[in-house]
Amino acid sequence: MSTRTIKVIKDILESNDLIAAENRSKFENAGALAINIIGSPGSGKTSLILQTIKALQHKKKIGVIEGDVAGDIDTKRVLAGGAEDAVQINTGGNCHLEARMVRQAMQNINLNALDIIFIENVGNLICPNHWSLGEAIKLCLISVAEGDDKPIKYPEIFAASDVIVLTKNDLIAHVDFNKEFFYESLRALNPTAPLLEISSRTGDGIQGWSGWLVDQCAQKRKS
Amino acid sequence: MHEHSVAKSLVDLVEQEAQKAAAKRVKTIRLAIGDQSHIDEASLKMHFDLIAAGRKSISQGAEFQISRTPMKFRCDACSVDFEIVNHEFRCPVCERSGRMIGRGDELRVESIEVMD
């Protein structure tokens, strides 16, 4: 038997990336700005979505694809909170969303009726980063309650995100969160991504965040 | 946990490439895996072996050769390139914060060695 070497040089997750590219085209053709929200369990991903829907009521039509290991609590919450449309993905144990799951969910949502679509990933700062879903914006959500060392512990998600939202800012006086330390490590990893500080509970910073989002919609339309 | 999804994609990709080259069996898979891709090599191999065996794939029994890539930083003040030191991104010379120049997030098949 003879052996030979075949050059490949391909990303292992290439098959996911190809489906993600199809999803991206569909989002873009429908004029819906897709945002992949990645954050720890309990960081406040659904609360951010709910506050955004409230802030942009009558201005932007917002849809949500909810990713959870189990249950449809979040889908019910965002629909009750005024989402134009929402669909639940249950991963059945998988720790991240994949492009094929989002492709399937997209069949059950009228993208043409939406300006913005949030894709709430499974709560996890590690693997969701590796599976592109076809989003226009990758958003990393971190709460002050999780600690200022998260960029050091999970550098890749902070390096790869297009925007970082720091939430639960109202709790800063009650937790040991050193903003200077957080900013320093974050900026070493990602010097350019916008960082927005908010509190979904008090509404602090939500105006700035939703204004940023509206700007992104406008830029998307122009490009 | 996520190694299973990665392993499944890896079996698909390797099978596809080997079949394209009309190979009978895959002997070795050369992989580039970044430290920040959060892949446990032993777990990846275990899932790969299980999936390949389940499918009676031509990649069954293939060995992995893995080259790891770290996350890299540069200190512009000292012109020094460095890797993460003690979980921080500070220059080992001046202790100023560095600037990331390499993510170390590779998850790539470089080549496969096949038998005819």
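Residues numbered from 1 in each chain as written. Chains lettered and ligands numbered in written order. Predicted model: local features only at pLDDT ≥ 70, side-chain atom pairs only at ≥ 80, totals over all residues. Heavy atoms only, no water.

Caption draft 1: Fine view of the side chain of E98 of chain A. Checked against the element boundaries, E98 of chain A lands in the loop between β4 (85-90) and α4 (99-106). Excluding anything up to four places from it in sequence, E98 of chain A contacts N16, W131 and L133 of chain A together with S5 of chain B. (Helix = DSSP H or I, 4+ residues; strand = E, 2+ residues; numbered from the N terminus. Contact = heavy atoms within 4.5 Å.)

Caption draft 2: How the structure looks around the interface of chain A and chain B. Between chain A and chain B, the contact holds 35 residues from the first and 40 residues from the second. For chain A, the biggest contributors to the area lost against chain B are R4, I12 and E156 of chain A; these three give 21% of the whole. Counting across the chain A and chain B interface gives 4 salt bridges. A salt bridge links D116 of chain B to R4 of chain A, with the nearest nitrogen and oxygen atoms 2.7 Å apart. Where chain A packs against chain B, one counts 15 residue pairs in polar contact (both at pLDDT 80 or more). Broken down by secondary-structure element, the contributors of at least two residues to the side of chain A that touches chain B are β1 (3-11), α1 (14-30), α5 (150-153), α6 (155-160) and α7 (179-189) of chain A. At 9 residues, the largest contribution of residues to the side of chain A that touches chain B is made by β1 of chain A. Classifying every residue of the side of chain A that touches chain B by side-chain character gives 18 nonpolar, 9 polar and 8 charged. Direction of pairing for β1 of chain A relative to strand β6 (residues 107-115) of chain B: antiparallel, over a ladder of 7 bridges. Its bridge partner being in β6 of chain B, R4 of chain A is matched across the sheet by V114 of chain B. (Buried area = accessible area lost by both parts, 1.4 Å probe. Salt bridge = Lys/Arg side-chain N within 4 Å of Asp/Glu carboxyl O. Polar contact = N/O pair within 3.5 Å; in protein donor to acceptor, adjacent residues only side chain to side chain. Nonpolar A, V, L, I, M, F, W, Y, C, P; charged D, E, K, R; others polar. Pairing = 2+ DSSP bridges.)

Caption draft 3: The pairing of strand β7 (residues 163-167) of chain A, seen in detail. Residues and elements named next belong to chain A. For β7, the tally of buried residues reaches 5 of 5 residues, placing the bulk of the element in the interior. Both faces of β7 are covered, namely the face carrying V163, V165 and T167 and the face carrying I164 and L166. Where strand β6 (residues 137-143) and β7 come together, 5 bridges link them in parallel fashion. In the strand pairing of β7, S143 is matched with T167. (Buried < 20%, exposed > 50% of the residue type's maximum accessible area, 1.4 Å probe, protein only.)

Caption draft 4: Local environment of the pairing of β4 of chain A. Of the strand pairs in this sheet, strand β3 (residues 62-68) of chain A and β4 of chain A are connected by 6 bridges, and their pairing is parallel. Opposite I65 of chain A, over in β4 of chain A, you have V87 of chain A as the bridge partner.

Caption draft 5: Layout of the sheet that holds strand β3 (residues 72-75) of chain B. All names here are of chain B. Taken in spatial order, the 3 strands make up an open sheet running β4-β3-β5, and their pairing is antiparallel. Each edge of the sheet is formed by a strand with only one pairing partner; in this case those strands are β4 (80-83) and β5 (99-102). Direction aside, the axes of adjacent strands within the sheet are offset by 40° on average. Looking at chain direction, β3 and β4 are connected through 4 bridges and run antiparallel. Looking at β4, one finds that C75 is bridged to V80. (Axes fitted to C-alpha atoms, helices over the stretch in contact; angles between N-to-C directions.)

Keep in mind that these numbers describe shape and distance, not what the molecule does.
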